[in-house]
Amino acid sequence: MALRHIAAADEPHEEDPLDAYSRVVTSVAERLAPSVANLRVSRRVRGGRRLDGGGSAVVITSEGFMLTSAHVVAQSAGGGRASFVDGRELEFSVMGSDALSDLAVLRTETHDLVPAELGSAETLRVGQLVVAIGNPNGFAGSVTAGVVSALGRSLPTRSGANVRIVDNVIQTDAALNPGNSGGALADGHARVVGINTAVAGVGLGLAVPINTATRKIVAALMSEGRFRRAYLGLALGPRPLPPRVGGCAPRT
């Protein structure tokens, strides 16, 4: 009985267990995980009680600037602690916060962070794959994936008596876990196109878009600590009436 030699080319190849969809999600997660931090903030209130809160943030420069949601750091006393997937824990301070866009810029003192690449939400299309990355549990990041389910949504925000509508908010079915607020919403190329901000309903999340308007807000928060808006209104004050109207006819 003759034995047939089986060439290496005839041997069955082990198939890649990851399909194209999974490869995109894992690639985005691997690239962005070092750039997403877990935030822990707290402050003292009346009665000596301590309010604790937290969320996520995205590193946007290697000099230590991070971007998050304004409501995440609203209860902080000017700062808190940020932890990363590599095990580092760093103190951060709030450089500027804008409640009307729900964006805030933070800064740590380190200069060797891994910044994420900011993309543009203006090129997104409904049905496009997006990946939501947060760090709600400290050293273990959270990754969910989905699609852009709607564009052009509006998000009401408030700062004291001022109310504003954030336009062109991104709606996605990528699940947002508790603590994911302030984390990244990224496209398939690991570019951050939004900052996760709220859960709109069962299975739906909202993200503030990265676009021309929000880039201006972020730049102002980094340089000035605030974003100045122009307001249009009416100013009222006492004005003297003309003599005829006031009942005093002019002498002839």
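Residues numbered from 1 in each chain as written. Predicted model: local features only at pLDDT ≥ 70, side-chain atom pairs only at ≥ 80, totals over all residues. Heavy atoms only, no water.

Asks: Would you mind going over the pairing of strand 13 (residues 204–209) with me for this structure?
Replies: If a strand is regular, its side chains alternate between the two faces of the sheet. Burial within strand 13 is extensive, with five of its six residues counted as buried. Alignment of strand 10 (residues 162–172) against strand 13, held across three bridges, turns out to be antiparallel. Residue pairing across strands places Ile-170 opposite Ala-207, the latter belonging to strand 13. (Buried < 20%, exposed > 50% of the residue type's maximum accessible area, 1.4 Å probe, protein only. Helix = DSSP H or I, 4+ residues; strand = E, 2+ residues; numbered from the N terminus. Pairing = 2+ DSSP bridges.)

Asks: I would appreciate a short explanation of unusual backbone geometry in the present structure.
Replies: Excluding glycine, most residues fall at negative phi; most peptide bonds, likewise, are trans. Positive phi, close to 55°, is recorded for Asp-102, a residue that is not glycine. Relative to the helices and strands, Asp-102 resides in the loop between strand 5 (89–98) and strand 6 (103–108). The class for Asp-102 is buried, based on a relative accessible area of 7%. Positive phi, normally seen in glycine, also occurs at Asn-168, with a value near 60°. In this structure, Asn-168 sits in strand 10. Look at Asn-168 and you get partly exposed, because its relative accessible area is 47%.

Asks: Would you mind showing me how to read the side chain of Asn-196 here?
Replies: Of note, Asn-196 is situated in strand 12 (residues 191–201). Residue classification places Asn-196 among the buried positions, given a relative accessible area of 1%. Here the side chain of Asn-196 touches Ala-184 through a polar contact of 3.2 Å, landing on its backbone oxygen. In this structure Asn-196 touches Ser-69, Ala-132, Ile-133, Leu-176, Asn-180, Ser-181, Gly-182, Gly-183, Ala-184, Leu-185, Leu-206 and Ala-207, once residues within four positions along its chain are discounted. (Polar contact = N/O pair within 3.5 Å; in protein donor to acceptor, adjacent residues only side chain to side chain. Contact = heavy atoms within 4.5 Å.)

Asks: What am I meant to see in the nonpolar core here?
Replies: One broad rule of soluble globular proteins: the nonpolar side chains tend to lie buried together. Residues Val-28, Leu-32, Leu-67, Leu-103, Val-192 and Ile-195 are the most contacted members of the largest nonpolar core, which totals 23 residues. Where this core is concerned, the elements lending two or more residues are helix 1 (20–32), strand 3 (65–68), strand 6, strand 8 (129–134), strand 11 (184–186), strand 12 and helix 2 (212–223). Each residue touching Leu-32, except ones within four places of it in the same chain, is listed here: Ala-116, Ile-133, Ala-186, Ala-190 and Val-192. Ranked by size, the runner-up nonpolar core spans 16 residues in total, among them Ala-57, Val-59, Val-73 and Phe-84. (Core = buried A, V, L, I, M, F, W, Y, C linked by side-chain atoms within 4.5 Å.)

Asks: What exactly am I supposed to notice about the side chain of Asn-38 here?
Replies: Here Asn-38 is to be found in strand 1 (residues 36–44). The class of Asn-38 is buried, set by a relative accessible area of 5%. At 3.4 Å, the side chain of Asn-38 and the side chain of Arg-40 are in polar contact.

Asks: Even after reading the chapter, I still don't get the packing of aromatic side chains, so can you show me in this structure?
Replies: Each aromatic ring pair is specified by the distance between its two centres and by the angle formed by the two planes. As enumerated under the stated definition, the model contains zero aromatic pairs in all. Cation over ring: Arg-88 sits above Phe-84, and NZ or CZ is 5.9 Å from the ring centre. (Phe/Tyr/Trp six-rings, centres within 6.5 Å; stacked < 30°, edge-to-face > 60°. Lys NZ or Arg CZ within 6 Å of the ring centre and 35° of its normal.)

Asks: Looking at this structure, how should I read the pattern of salt bridges?
Replies: Where charged atoms of side chains with opposite charge meet at close range, the side chains can pair. A full pass over the atoms with the stated rule returns seven salt bridges. Arg-40 is the salt-bridge partner of Glu-89, the closest N and O atoms lying 3.0 Å from each other. Pair noted here: Glu-89 is in strand 5 and Arg-40 is in strand 1, with a separation of 49 residues, a long-range link. Residue class for Glu-89 comes out partly exposed when judged on its relative accessible area of 35%. Take Arg-40: its relative accessible area is 35%, and that puts it in the partly exposed class. (Salt bridge = Lys/Arg side-chain N within 4 Å of Asp/Glu carboxyl O.)

Asks: I keep staring at the environment of Thr-144 and nothing clicks. Help me out?
Replies: Its location among the elements puts Thr-144 in strand 9 (residues 142–159). Owing to a relative accessible area of 14%, Thr-144 belongs among the buried residues under this scheme. As a C-alpha pair, Thr-144 and Ala-174 span 30 residues in sequence and 5.7 Å in three-dimensional space. The residues contacting Thr-144, other than those within four sequence positions of it, are Val-130, Val-131, Ala-132, Ala-174, Ala-175 and Asn-177. A polar contact of 2.6 Å, which involves the side chain of Thr-144, links it to the backbone oxygen of Ala-175.

Asks: Help me understand helix 2, please; the structure alone is not making it clear to me.
Replies: Every α-helix carries 3.6 residues per turn, so stepping three or four residues along brings you back to the same face. Counted at 1.5 Å a residue, the expected span for helix 2 with its 12 residues is 16 Å, and the 17 Å between its end C-alpha atoms agrees. On its buried side, helix 2 packs onto strand 3, strand 5, strand 6 and strand 13. Regarding helix 2, its N-cap is Asn-211, as a side-chain oxygen of that residue lies 3.2 Å from the backbone nitrogen of Ala-213 further along. Two residues or fewer after helix 2 comes Gly-225, characterised by a positive phi angle close to 85°. (Expected span 1.5 Å × (residues − 1).)

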